[in-house]
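Reading the structure
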2 protein chains.
Amino acid sequence: MNKEVKIFLADDHPIFREGLKKIIMKEKDFRVSGAAATGTEALEFIIHNKPDVAILDVSMPGLNGIEVARKIREKEIDTHPVILTMYSDEEYLETALENGVTGYLLKESTHTEIIDCIRTVLNGGYYVSKELQSFLINGSKHKNNKTGAGKAIETLTHTEKQILKLLSQNRTSAQIAKEMFISFRTVQNHRMNISHKLGIAGHNSLLMFALENQEIL
Amino acid sequence: MNKEVKIFLADDHPIFREGLKKIIMKEKDFRVSGAAATGTEALEFIIHNKPDVAILDVSMPGLNGIEVARKIREKEIDTHPVILTMYSDEEYLETALENGVTGYLLKESTHTEIIDCIRTVLNGGYYVSKELQSFLINGSKHKNNKTGAGKAIETLTHTEKQILKLLSQNRTSAQIAKEMFISFRTVQNHRMNISHKLGIAGHNSLLMFALENQEIL
DNA sequence: ATTTATATGAGTACTTATACTCAGGCAGGA
DNA sequence: TCCTGCCTGAGTATAAGTACTCATATAAAT
């Protein structure tokens, strides 16, 4: 592993680029081989220079970081894309993972986390920032939907859709049970089944889904 | 003018602090005399060390950058506060200027802009990032949609609004506590206080409110 | 006829949110 | 100085959701 690791940076904030560069250059075997402020520039550089790792901001002019990652995979370039973002947004993470991203960092990350992440993806592993790991638990296992929530909804049965609809009106399981003349345990079971079908998990995540999709239920 | 200029940095993102530090240290007469990740730490350092310039992030745990600036003026400390923020938000700029801020930079700023800004405020001048200067000229106010909820929201304190905002991103109390460096019991207390102020009660009702009003938080 | 999907119900454990209570610290105003 | 508002933290109790397990019944599909 004594070869020098080429790392590329893309972020539209000059200060951030400087900070990242400084952190990376503290590692003796790492080298910053280039930097860009837009997704388009980034992709061009990556295609021509094939760095080992590309650290990509999500919000950039032109292509965003996730789109750059997708292009990297489409063109079968041997560069590990690492996403670096301000927000701990579940949806971004999922989309990123679906597009071949193997490292996902928040800008709150410490030096150690950044270096850990780079080394992990270099070794072929996945690295997701601690704050986001709760989202990950079910996300990568099954389900490749989420690009079209509508598709996933179609796999739900009539009863399940009915429960989702009532959920979106902020009813509790007990209230739904009463309205549907079934046990509240049955409602809970349906909720779990729905969550599994949709590939979601965690507190309130089903409620959030119901709210976001209430017009197509 | 041959005295060394002491500059202090406050930002909760380690990468950003590194980047800023690097940019500032390229100037021979500038020195980074300290850095902090929270507003409270920042204020303490500024009081004790009285740097010439304090570069303050807006969104930080504890006090935010603008609050730190206000404290600096209240305590009549001879430090020039410079606000550094992600968002080109008119309201923030106004509040900042009202609180004695003489420099207002966006995180998109280039090296040159940052250095220019520091030199300008050192000379007693005002520096506002180009992207924001339009707001200064036509001091227009196109806000205030008092939808009833809007009025209630205005009675909330800054901390309460921050918690509501995080809630709207589907964070749990424990996650919010971690992000704000406070106990999750305190978060729960804030949630109860918010509910009382807004006149709402019951499971998920606060989450629902946060979701419905997330764009005006 | 066996499998499969669906609907129903329950046991158990754990996490999270709501709803009270109380209290200390700190800053600003009357 | 006292009072008030805000932030902080905790004790206790209850309600609700999540996450697994298991079981039964029925209808449709193979």
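No experiment lies behind these values; they were computed from the predicted model shown. (Residues numbered from 1 in each chain as written. Chains lettered and ligands numbered in written order. Predicted model: local features only at pLDDT ≥ 70, side-chain atom pairs only at ≥ 80, totals over all residues. Heavy atoms only, no water.)

1. Here we look at the protein's contact with DNA strand D
Quick note on the threshold: We call a residue near a molecule or strand whenever a single non-hydrogen atom of that residue lies within 4 Å of it. We define a polar contact as two N or O atoms separated by no more than 3.5 Å, with the added condition that, inside protein, one atom must be a possible hydrogen donor and the other a possible acceptor, whereas residues neighbouring each other in sequence contribute only through side-chain atom pairs. Strands here mean DSSP runs of E at least two residues long; helices mean DSSP runs of H or I at least four residues long; both are numbered from the N terminus. Charged residues are taken to be Asp, Glu, Lys and Arg, nonpolar residues to be Ala, Val, Leu, Ile, Met, Phe, Trp, Tyr, Cys and Pro, and polar residues to be all remaining types, Gly included.
Of all residues adjacent to DNA strand D, which total 19 residues, the nearest are T157, T159, S183, R185 and N189 of chain B. The contact atoms of DNA strand D, taken as those within 4 Å of the protein, divide so that sugar and phosphate hold 64%. With respect to DNA strand D, the backbone of S173 of chain A contributes an N or O atom lying 3.0 Å from a phosphate oxygen. Note that a phosphate oxygen of DNA strand D is positioned 2.8 Å from one of the side-chain N or O atoms of T157 of chain B. Only α10 (184-198) of chain A together with α10 (184-198) of chain B provide two or more residues apiece to the surface near DNA strand D. A class-by-class count of the residues in the surface near DNA strand D yields 3 nonpolar, 14 polar and 2 charged.

2. Details of the side chain of E160 of chain A
Residues and elements named next belong to chain A. Selection rule: Relative accessibility thresholds used throughout: buried, under 20% of the residue-type maximum; exposed, over 50%; partly exposed, between the two (1.4 Å probe, protein chains only). Any pair of residues with heavy atoms lying within 4.5 Å of one another is described as a contacting pair.
With respect to the helices, strands and loops of the structure, E160 is situated in helix α8 (residues 158-168). The exposure class assigned to E160 is buried, which follows from its relative accessible area of 5%. Excluding anything up to four places from it in sequence, E160 contacts H190, N193, I194 and K197.

3. Regarding the confidence of the model for chain A
Residues and elements named next belong to chain A. Rules: For every residue, the predictor states its confidence as a pLDDT score lying anywhere from 0 to 100.
Here chain A averages 79 in pLDDT, while 85% of its residues score no lower than 70. The weakest mean pLDDT in chain A belongs to helix α6 (residues 133-139) at 47; the strongest belongs to strand β1 (residues 5-10) at 92. Note that residues 136-148 has pLDDT below 50 and, in this model, 18 contacts with residues that lie over four places away or in other chains.

4. A short note on the environment of E4 of chain B
All names here are of chain B. Here E4 shows up in the segment before β1 (5-10). Sequence separation between E4 and D52 is 48 residues, and the spatial gap between their C-alpha atoms is 9.5 Å. In contact with E4, other than residues within four places in its own chain, are D29, R31 and D52. Within polar-contact distance, the side chain of E4 engages the side chain of R31 at 2.8 Å.

5. Here's the deal with the interface of chain B and chain A
Put simply, the rule reads: Buried area adds together the accessible area that both of two parts lose upon being put together, with accessible area traced by a 1.4 Å probe. Basic side-chain nitrogens of Lys or Arg form a salt bridge, by our definition, when they fall within 4 Å of a carboxyl oxygen of Asp or Glu.
Contacts between the two partners involve 31 residues from chain B and, on the opposite side, 31 residues from chain A. Surface buried jointly by chain B and chain A totals about 2,600 Å² across both partners, of which 65% is contributed by carbon and sulfur atoms. For the chain B face of the interface with chain A, the top three residues by lost area are I15, E18 and K22 of chain B, together amounting to 25%. Put simply, chain B and chain A have 4 salt bridges between them. Taking the shortest distance from any N to any O, the salt bridge between K22 of chain A and E18 of chain B comes out at 3.2 Å.

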